[in-house]
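# Residue-level structure breakdown
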Amino acid sequence: MRRLAVPLLLAAGPCLFLAPLTGKAPPLRPRPAIVAPDFRPDPRNVQRYGPAYRYSQAGWIVLHIEGAPYERGVQHGRLLAPEIAAHVRCFAANQGSKSPAQAWKQTRTLTNALFVRRYHKEYLEEMKGIADGASAAGAKFDGRPIDLLDVVALNAWPEIESLDSALDATPTGLEGRRFSPDGPAPVTRPKPMRCSAFAATGEATADGKVVFGHITMFGLYPSLFYNVWLDVKPANGHRVLMQSYPGGIQSGLDYYLNDKGLLICETTLAQTRFDARGAPIATRIRQAMQYADTIDKAVAILAKENNGLYTNEWLLADVKTNEIALFALGTHKSKLSRSSKNEWFGGTKGFYWGCNNAKDLALRLETINSVGGRPASAVFVPSERDKKWLQLYDKHKGKIDAGFGKLAFTTPPLAAFHSIDAKFTTTDLAKELKTWALFGPPLGRTWHPTFEERSKYPEVRPMASNPWTILHPAAPEHGKLSGPPVVDLHDPLGKKKADKEEDKAPPTVAAWHGTLLPKGDADVWLATAFPAYERHVALENALKKRGDGKLKAADRDRLAVSLFGYRALYELGARARPEAPLSKTKIDVRQNDWHKVALGKGVLLLAALRTKMGEAEFEKMMDAFGRANAGKAVSTEQFRAHAGKWRGAPGGAFFEEWLDRTGLPAGTGKGGPFSVLSFWSEIEETMIVYGTGDEVPTNREAAEALQKALLRRGANVLVPIKSDREATAAELKSHHVLLIGRPDCNAVTARCREALPVSFGHRSFAVREEAFAHAESAAIVAGESPFNRRFSVVAIAGLSASATLRAAPVLGERGLEAGEVVVLPHGGKRRALVVGR
């Protein structure tokens, strides 16, 4: 079976060995003290299926399932169907990026041959339920529904990736024999492994109780799926909470708690031999967590019928007694060290650690297929991470507490650029089934895919850094949701949403003809608005023709955005300097605000005239005027006289209100004064302000991404960046302000909340008759600045750190529509909207 061969990072084992990119870890930036109260999800973000539920929390998907094996599996599959299908696509692509379907077919055969029949019946039933639930909710791969083999393969992934190394360690019977001549030894890529963990208690900790934690490095694409915090409340056995993945019955990154006070995590070791008669690791660790309430019972279950794959050094803790243990488990060899027996390695009393380096000689020997064959070294040599653990222990022994976990997992080389998470808990937290957790790079910088990864894996995306949070088992409150329905979340009942709107505008036919020249300055509005409004009317006519005379909802939105752009243009010009009526327009070559007013208000005038006269009559009138005066200089008075001869033409008061007065007549158009692009023509008077209330590193990175996107769009102006703490009142008053972060992330966004045409919840937002609550959805929203109505504010607000990061550069895209709101829904098409006030 072909192994992954992606430079630098993708070998796809949960504990991945990574060659450092630069030879040095990035410098550690000081982190503020972390305070996180119990998380309460936004009610709109909670999805339910029977007793099960899911919601998003700081980059995690919290999933609760309960009941008998098949029933809880169905709940899992129903609620995570889109993610399960995406996870299968990921594994298939990793197995063979050129032909994922064929590679997955081979993986399924291997899974069926080696693993399926070795699972405990309870967990096979649970996986069957996951497959059935996911397929019932629409999950497919390669055109067919997800099935049991797909789900078993996802759970066997760590063992599949360990298999080559395990077979190298398994004797063939030819070891030690001489052949003439000796052929070259086969070269197998070493088993991937790269994670670190610790368990502390007694004399090592500040209160004599347990502190326990784990961190992982992994390949970017598969890492994106290890953000499921799975809470299993089975009909039989103990409640189990774990870091997992879509379709998982185990952790995969191996961090567990149960309601009997048992904690378990692991770090992978060099691979020992394979025993095909043994049971997979997923069935054994899950059984240990679900049915063991002591270290002894857990160790016995892990060791029984062990197939040897995915060799580990297990760290265990029992918070009922504050005992910790280190269980090195090979295939046939193992060693258990316990704090209760004062058994330590390296003199670290009260402290065990793991970092992929086997401390026991018997296990190291089990990685060698024959000591009588080709020589191999079995000497223990401390790695850089071993040395760092010992340095931290020596410095903090007797003082280890929750802060130690935060320190360790932001300290290189224990934390590196490709670290994807960090988790730790204490006796007191674990008794409440709580843990500190962070998903994403702990060092605070987004992990972006390489060019090769983007080429091989179309669905790979950046991994953003998320804030620390406390994951807990409390169920979200039930209650009726008021307001518009949520439209961006997966429906666990499997109902499909029709989406047949066409992206491209249909071909248009000219609504009228003729190019006009202005006779004087006061006639500029007519010469500019005449062609501009023709494009709008031609689009409307084409959309109606495509819809058999009717406009669809998306068509109406498109037209509203088109017209709204002219209103926003007028407002920008009218607020920049004292407005003159259209009849008193003066051309000024040193500025162009007069043109913004003339064009914007002129289009709105023609739109109002069309409403008064009726569409057909208006278009006849416009075409006749254009054909008669093509290429000629015309005056406003000529146009008024011409229009007055047509049926339905309004009286002189209509033109007087539009031409001789400043401002817009009451009831002109929908929406506020500014679009999301109003700032663009005044880019030198624009600043970016990112939030420091939450998701700080990613907000800062999003601000930088926006700054670069604006440069790429062609402004050639480096828009300044300030934090919400740094931006002064004078700066906010004298600039268009581009805000990075939701109101709960950005203090300035919070101050602008009432000026924005979007209603923000805790982790949701509502626009018109729709609400959005998926963590990967975002909105770009424009409003009038509460600091100075002369300027606009534009908020870029994702419902998670990664959503904000992806949305920020969109504001710099050339094809972005000038709407009042741009919605970027998860799994849907970008939509520009005008919101009625």
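Below or above, wherever it landed, is the structure these notes cover. Each chain has its residues counted from 1, following the order in which its sequence is written. Where totals are concerned, whole chains, interfaces and linings use all residues; where local detail is concerned, this predicted model gives features only for residues with pLDDT of at least 70, and gives and counts side-chain atom pairs only at 80 or more. By convention in this description, side-chain values take in all heavy atoms of the structure and omit both hydrogens and water.

## Quick word on the sheet that holds strand β30 (residues 831-833)
Taken in spatial order, the seven strands make up an open sheet running β22-β21-β23-β28-β27-β29-β30, and their pairing is mixed. Taken across any chain shown, the strands that pair with only one partner, and hence form the sheet edges, are β22 (721-723) and β30. Sheet twist, expressed as the average angle between the axes of neighbouring strands with direction ignored, equals 20°. Paired strands, as defined in this entry, are two strands with at least two bridges between them according to DSSP. The numbering of helices and of strands both runs from the N terminus, where a helix is a DSSP run of H or I of at least 4 residues and a strand a run of E of at least 2. Direction of pairing for strand β23 (residues 736-740) relative to strand β28 (residues 792-798): parallel, over a ladder of four bridges. Note on β28: the bridge partner recorded for Val737 is Val793. Note on contacts: a residue pair qualifies if any of its non-hydrogen atoms lie within 4.5 Å across the two residues. Only the stretch in contact is used when fitting a helix axis, every axis being a line fitted to C-alpha atoms; angles between N-to-C directions are given from 0 to 180 degrees. In this fold helix α15 (residues 553-576) packs onto β23, β27 (778-784) and β30, with an angle of close to 55° to the strand it touches most, β30.

## As for helix α16 (residues 593-613)
An ideal rise of 1.5 Å per residue puts 30 Å on 21 residues; α16 measures up with 30 Å between its terminal C-alpha atoms. With respect to burial, α16 is a largely interior element, 17 of its 21 residues being buried. To estimate the expected span of a helix, count its residues, drop one, and scale the result by 1.5 Å. Relative accessibility decides the category of a residue: with a 1.4 Å probe and only protein chains considered, values under 20% of the type maximum give buried, values over 50% give exposed, and everything between is partly exposed.

## Concerning the packing of helix α3 (residues 100-114) against helix α5 (residues 148-169)
Their axes nearest at 9 Å, the elements α3 and α5 cross at an angle of 85°. Taken together, α3 and α5 sit at an angle that is classed as roughly perpendicular. Only Leu149, Asp150, Val152, Ala153, Leu154, Ile160 and Leu163 of α5 make contact with α3, whose side of the interface consists of Trp104, Thr107, Arg108, Leu110, Thr111, Asn112 and Leu114. Residue composition of the contact of α3 with α5, by class: nine nonpolar, three polar and two charged. An angle below 35 degrees is treated as roughly parallel, one above 145 as roughly antiparallel, one from 65 to 115 as roughly perpendicular, and anything else as oblique. Just so you know the grouping, Ala, Val, Leu, Ile, Met, Phe, Trp, Tyr, Cys and Pro go in nonpolar, Asp, Glu, Lys and Arg go in charged, and all remaining residues, Gly too, go in polar.

## Things to note about a nonpolar patch on the surface
To count toward a patch, a residue needs a relative accessible area over 30% and no salt bridge; like charges are then connected within 9 Å, while nonpolar side chains (Val, Leu, Ile, Met, Phe, Trp, Tyr) are connected within 5 Å. In these tables, accessible area is a Shrake-Rupley quantity obtained with a 1.4 Å probe, and a residue counts as shielded only by the protein chains included in the view. Only one rule defines a salt bridge in this text: a Lys or Arg side-chain nitrogen within 4 Å of an Asp or Glu carboxyl oxygen. On the surface, Leu361, Leu365 and Val371 cluster together into a nonpolar patch covering about 280 Å² of accessible area. Secondary-structure assignment places Leu361 in helix α9 (residues 361-365). With relative accessibility at 44%, the residue Leu361 sits in the partly exposed group.

## Here we look at the environment of Gly479
Topologically, Gly479 is positioned in the loop between β18 (469-471) and β19 (517-518). Sequence separation between Gly479 and Ala529 is 50 residues, and the spatial gap between their C-alpha atoms is 52 Å.

## Quick notes on the packing of aromatic side chains
Aromatic pairing here means that ring centres of Phe, Tyr or Trp (its six-membered ring) are within 6.5 Å. Orientation follows from the plane angle: under 30 degrees is stacked, over 60 is edge-to-face, and everything else is tilted. On inspection of all chains with the given rule, the structure shows 36 aromatic pairs. Pairing Trp229 with Tyr255 gives two aromatic rings, centres 6.3 Å apart and planes at 45°, and the pair type is tilted. Remark: Tyr255 occurs in strand β10 (residues 255-258) and Trp229 occurs in strand β8 (residues 228-234); sequence separation between them is 26 residues. A residue is classified by how much of its surface remains accessible, and Trp229, at 1% relative accessible area, is buried. Consider the rings of Phe679 and Trp680, whose centres lie 6.3 Å apart with planes at 85°: the pair is edge-to-face. Its relative accessible area of 0% is what places Phe679 among the buried residues. You can call Trp680 partly exposed: its relative accessible area is 23%.

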